[in-house]
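# Understanding the architecture of this molecule
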Amino acid sequence: MSDITARTSNDLTSRLTAPRRPRSNGYDARWQIDNQMGPNALWLLEWLAPALGLDALRPGARVLDLGCGRAMTSVFLAKEYDVQVVAADLWVKPDENAPRIAEAGVADRVLPVFAEAHDLPFGAGTFDAIVSVDAYQYFGTDALYLPTLTRLLKPGGRIGVVMPALREELAADAPPAHLREYWEKDPGFWAFHSPAWWRRLWTRSGAVEVETADWLEDGWRDWLLWSEVCAEESDSAFMADMARWSVDLMHADVEHVLGFARVVGRRKSD
């Protein structure tokens, strides 16, 4: 490695290092950038894991990583907690994730599968925990979805999700005025909800006891920093453009209504 390359790598690592994410700090910054598909999934998973608890992530536990993307979160779970992970995704095929998993040295603990969230090929009670990072909002807003998903958990097992969210639920059936143009261009923003909204949805389902439903303080700062770095460093023109769009979004959100919600529930005994 040349001196210039080494300095660039060190600068990038320093820029992305923070005391509140010590586990994520141990993963190569370039690897994270090359495999990202949105807000930094490792940072979000590191925030989620303590709320799931060590029992759910005990060594050897079976974990479904739903909407795993390029399997960074699955690798993280296997390396950090020594769990057995099923890495399920619809957009990234197993033959794309398998080499990445093998290169990370966890092929014996992570199984990549192709699966759609409404058609999961697993039996009831298969998993000790279900994790979903930056994906659950795409399919989990349906009031009938959670009971179907949690059938895959053993009684007492936990489901934990982190996703882009609203700090407070919208007071009217209209987007925030300062973000109206973003809502109009992307209806996906209507899937963003507050932690309180998610708590109510999960509680009403009767499928779980909600143990956590909270907001990542200053999460917008992480979202902005990560987007700025990816806009500058992504080799993929598509991902760089997406990152620049996110930078614009964070700057437009002067009221900081956007951020991240964390929700954890324990499956009730039958």
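Overview of the structure. It should be emphasised that the depicted structure is a prediction, and the values quoted were computed from it without experimental measurement. (Residues numbered from 1 in each chain as written. Predicted model: local features only at pLDDT ≥ 70, side-chain atom pairs only at ≥ 80, totals over all residues. Heavy atoms only, no water.)

## Quick word on the side chain of Glu46
- Within the element layout of this structure, Glu46 appears in helix H3 (residues 41–52).
- Look past the residues within four positions of Glu46 in its chain and what remains in contact with it is Arg20, Arg21, Pro22, Arg23, Ser24 and Phe76. (Helix = DSSP H or I, 4+ residues; strand = E, 2+ residues; numbered from the N terminus. Contact = heavy atoms within 4.5 Å.)

## Side note on the packing of H3 against helix H4 (residues 72–81)
- The N-to-C vectors of H3 and H4 enclose an angle of 45°; their axes lie 9 Å apart at closest approach. The angle between H3 and H4 places the two elements in the oblique class. The handedness of the crossing between H3 and H4 comes out as right-handed. Contacts between H3 and H4 involve Ala41, Leu42, Leu45, Glu46 and Ala49 from the first element and Met72, Thr73, Phe76, Leu77 and Tyr81 from the second. (Axes fitted to C-alpha atoms, helices over the stretch in contact; angles between N-to-C directions. Parallel < 35°, antiparallel > 145°, perpendicular 65-115°, else oblique. Left-handed = near helix turned anticlockwise from the far one by under 90°.)

## Some thoughts on the nonpolar core
- One finds Leu77, Leu249 and Leu258 to be the most contacted residues of the largest nonpolar core, which totals 50 residues.
- Formed by 34 residues, the second largest nonpolar core is a distinct cluster that contains Ala88, Leu201, Val210 and Ala213. (Core = buried A, V, L, I, M, F, W, Y, C linked by side-chain atoms within 4.5 Å. Buried < 20%, exposed > 50% of the residue type's maximum accessible area, 1.4 Å probe, protein only.)

## What to know about the sheet that holds strand E1 (residues 62–66)
- Read across the sheet, 7 strands follow the order E3-E2-E1-E4-E5-E7-E6 without closing on themselves; strand pairing throughout is mixed. Of all the strands in the sheet, the pair left with one neighbour each is strand E3 (110–114) and strand E6 (208–215). This sheet shows a mean twist of 15° between the axes of neighbouring strands, independent of strand direction.
- Across the sheet, H3 lies against strand E4 (127–133), strand E5 (153–166), E6 and strand E7 (258–267), angled at about 35° from E7, the strand it touches most. (Pairing = 2+ DSSP bridges.)

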